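Here are the chains, one letter per residue:
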Amino acid sequence: STLDLQFTNSVFTHMWPDDIVDALKAINAFTDRETVFVNTWEIVDEFAERAMENGHVHRKYTIEVDGVLTYSHSNPLSGAAYRLGLMEDVYRRAGHEIVEIRFGSWSGRENNVTYQDIVVSKLATVDGHT
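Criteria and cut-off values
Residues numbered from 1 in each chain as written. Predicted model: local features only at pLDDT ≥ 70, side-chain atom pairs only at ≥ 80, totals over all residues. Heavy atoms only, no water. Salt bridge = Lys/Arg side-chain N within 4 Å of Asp/Glu carboxyl O. Helix = DSSP H or I, 4+ residues; strand = E, 2+ residues; numbered from the N terminus. Buried < 20%, exposed > 50% of the residue type's maximum accessible area, 1.4 Å probe, protein only. Core = buried A, V, L, I, M, F, W, Y, C linked by side-chain atoms within 4.5 Å. Contact = heavy atoms within 4.5 Å. Axes fitted to C-alpha atoms, helices over the stretch in contact; angles between N-to-C directions. Left-handed = near helix turned anticlockwise from the far one by under 90°. Nonpolar A, V, L, I, M, F, W, Y, C, P; charged D, E, K, R; others polar.

Trainee: Which residues make up the pattern of salt bridges, and what values go with them?
Mentor: Applying the stated criterion across every chain, the model contains eight salt bridges. Here Arg93 makes a salt bridge to Asp18, at a shortest N to O gap of 2.5 Å. Of this pair, Arg93 sits in helix H3 (residues 84-93) while Asp18 is found in helix H1 (residues 17-28), placing the two residues 75 residues apart along the sequence. Asp18 gets classed as partly exposed once you look at its relative accessible area, which sits at 46%.

Take a look at the structure:
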């Protein structure tokens, strides 16, 4: 039996990239090509970068630790944001393809559905095979 849906809310915002890759790979063992993965993050794209520069965000990520953006030197994983490219790399390394990103309101976007950004993914196919 496999999972139809895998969901986390505000978990990856407290983990390092390699640990997220390992977690997704571990979950992959219980999934198949039809499984939908839904995970929330705080993703720094161009819009979020500008919003942080202009002060239009709830939380500014001004410190970078090992490629991850944070607001705390002493406890970087108290809240971490990921640049879009790094987040995409995490999914690629975990064997996923991103189906959709729904950006949340943390970065000043108009959004009444979610605070964090939602990433929907599935297992990647290579030449038609999972």
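Let us keep going from here.
Trainee: Kindly report on the nonpolar core, identifying the contributing residues and their values.
Mentor: Grouped together as the largest cluster of nonpolar side chains are 18 residues, with contacts concentrated most on Phe12, Ile20, Leu24, Trp41, Tyr82, Met87 and Tyr91. Sorting the residues of this core by element identifies H1, strand E2 (36-41), strand E6 (80-83), H3 and strand E8 (117-123) as the ones contributing at least two each. Setting aside residues up to four positions removed in sequence, Met87 forms contacts with Trp41, Ile43, Tyr82, Ile98, Ile101 and Val119. Listed in part, the nine residues of the second largest apolar core include Ala48, Ala51, Leu69 and Trp106.

Trainee: An account of the packing of H1 against H3 is requested, with residue identities and associated values reported.
Mentor: At a minimum axis distance of 8 Å, the contact between H1 and H3 shows a crossing angle of 35°. Seen along the crossing, H1 lies across H3 with a hand that is right-handed. Here H1 contributes Pro17, Asp18, Ile20, Val21, Leu24 and Lys25 to the contact with H3, which in turn contributes Leu86, Val90, Tyr91 and Arg93. Classifying every residue of the contact of H1 with H3 by side-chain character gives seven nonpolar, no polar and three charged.

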